[in-house]
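# Results of the structural survey
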Amino acid sequence: RGFSMVFITPIAFARRARRVGFNMLTTKIAKKGFYKGKGAINVGTRTKHGGFKTLKWKLPQYAVPEGFAASALKPYAEVGAK
């Protein structure tokens, strides 16, 4: 009776077992409608009229070595692969 709720609360939380494995929020644990995505960045912004404005500095830049077109290397999957 002499203890207040302020002193009992930390003791109650300290005695609780840790929940291992629930450190990350996933779509299985979250509420309905939660979408996590795949970590891709947005390459632009939405306009106030519903359009989409692409920002050039957010576009991916691929470094292709010189003379790559003349080399014998081929793409991973060809168009006519069987």
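Parameters at a glance
All residue numbers refer to position in the chain's written sequence, counted from 1. Per-residue local features of the predicted model are confined to residues with pLDDT of at least 70, and side-chain atom pairs are confined, for both listing and counting, to 80 or more; whole-chain, interface and lining totals are unaffected and use all residues. Think of the side-chain values as coming from all heavy atoms in the structure, minus any hydrogens and water. The helix and strand labels rest on DSSP assignments: H or I over at least four residues marks a helix, E over at least two residues marks a strand, and numbering proceeds from the N terminus. Think of it in three bands: with a 1.4 Å probe and only protein chains considered, a residue is buried below 20% of the maximum accessible area for its type, exposed above 50%, and partly exposed in between. Areas reported as accessible are Shrake-Rupley estimates using a 1.4 Å probe. Residue values count occlusion only from the protein chains shown. As a per-residue quantity, pLDDT reports the predictor's confidence and falls between 0 and 100. A residue counts toward a patch only above 30% relative accessible area and without a salt bridge, and it is joined to like-charged neighbours within 9 Å or, for Val, Leu, Ile, Met, Phe, Trp and Tyr, to nonpolar neighbours within 5 Å. By convention in these notes, a salt bridge is any Lys or Arg side-chain nitrogen within 4 Å of a carboxyl oxygen on Asp or Glu.

In this section: the overall build of the chain. Within the chain, the regular secondary structure consists of one helix and two strands. Counting helices and strands in the order they occur from the N terminus, the chain gives α-β-β. The 82 residues of the chain split such that 1% are buried. For the chain, the exposed surface amounts to about 9,100 Å²; the carbon and sulfur share of it is 61%.

Glancing now at the confidence of the model for the chain. Across the chain, the average pLDDT comes to 76, with 65% of residues at 70 or higher. In the model of the chain, helix α1 (residues 5–14) stands out as the element of lowest mean pLDDT, 56, in contrast to strand β2 (residues 52–54), which has the highest, 95.

Further remarks concern a nonpolar patch on the surface. There is a patch of nonpolar side chains on the surface, built from Tyr62, Val64, Phe68 and Leu73 and spanning about 510 Å² of accessible area. Secondary-structure assignment places valine 64 in the segment after β2. Classification of valine 64 by relative accessible area gives exposed; the value is 58%.

Tracing the sequence through the fold places isoleucine 41 in the loop between α1 and β1 (44–46). The spatial distance from the C-alpha of isoleucine 41 to the C-alpha of lysine 58 is 8.2 Å, given a sequence separation of 17 residues.

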